[in-house]
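# Observations on chain architecture
Single-letter residue listing:
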Amino acid sequence: MSFKYLPILSTGEIIATLNLTGEQSARAADLAAKVVRQAWTRRPAHKRAQGYAEFATAVPACSWLTMFEVAALLELGRSREASRLMKAYRILHGSSR
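My aim in this report is to walk through the structure given alongside it, one point at a time.

What counts, and at which threshold
- Residues numbered from 1 in each chain as written.
- Predicted model: local features only at pLDDT ≥ 70, side-chain atom pairs only at ≥ 80, totals over all residues.
- Heavy atoms only, no water.
- Phe/Tyr/Trp six-rings, centres within 6.5 Å; stacked < 30°, edge-to-face > 60°.
- Helix = DSSP H or I, 4+ residues; strand = E, 2+ residues; numbered from the N terminus.
- Buried < 20%, exposed > 50% of the residue type's maximum accessible area, 1.4 Å probe, protein only.
- Lys NZ or Arg CZ within 6 Å of the ring centre and 35° of its normal.
- Contact = heavy atoms within 4.5 Å.
- Polar contact = N/O pair within 3.5 Å; in protein donor to acceptor, adjacent residues only side chain to side chain.

## What to know about the packing of aromatic side chains
Within this structure, the stated rule accounts for 4 aromatic pairs. Seen in terms of ring centroids, Tyr-5 and Trp-64 are 5.5 Å apart; in terms of plane orientation they differ by 15°. Their pairing is stacked. Of the two residues, Tyr-5 sits in the segment before α1 (8-18) while Trp-64 sits in helix α4 (residues 61-75), which places them 59 residues apart along the sequence. Residues Tyr-5 and Trp-64 agree in their burial class; the two are buried. Put simply, the rings of Tyr-5, Trp-40, Tyr-52 and Trp-64 pair up and form one aromatic cluster. Over the face of the ring belonging to Tyr-52 we find Arg-37, whose NZ or CZ atom lies 3.8 Å from the ring centre.

## A word on the environment of Trp-40
Assignment of secondary structure puts Trp-40 in helix α2 (residues 22-41). Given a relative accessible area of 18%, Trp-40 falls into the buried group. Separated by 13 residues in sequence, Trp-40 and Ala-53 place their C-alpha atoms 9.7 Å apart. Among residues more than four places away in sequence, those in contact with Trp-40 are Gln-50, Gly-51, Tyr-52 and Phe-55. A polar contact is formed between the side chain of Trp-40 and the backbone oxygen of Gln-50, at a distance of 3.0 Å.

## A few points about unusual backbone geometry
You will see that Asn-19, though not glycine, has its phi angle at about 55°, which is positive. Secondary-structure assignment places Asn-19 in the loop between α1 and α2. Looking at Asn-19, the relative accessible area reads 63%, which means it is exposed.

Written as structure tokens, this is what we have:
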């Protein structure tokens, strides 16, 4: 389980709202952490000296929560909602993908 970087209260709200089980919550948290770890492995050259913990800590709380919620929706089989949430996040935060 990778809840270390997730804001506790907001994560709890998502868990309660989506009525996630402990196993679903753990898998969603692991997927969010996996996404961050993958981003860390692809970091630009000027950030190569940065360790994973430092990188993960620098990820904004709203990004961690969005990744967790998307992962939770996927865990529940609600892929359309997950896709819409990712699209909205990208529009708001100016991501090109």
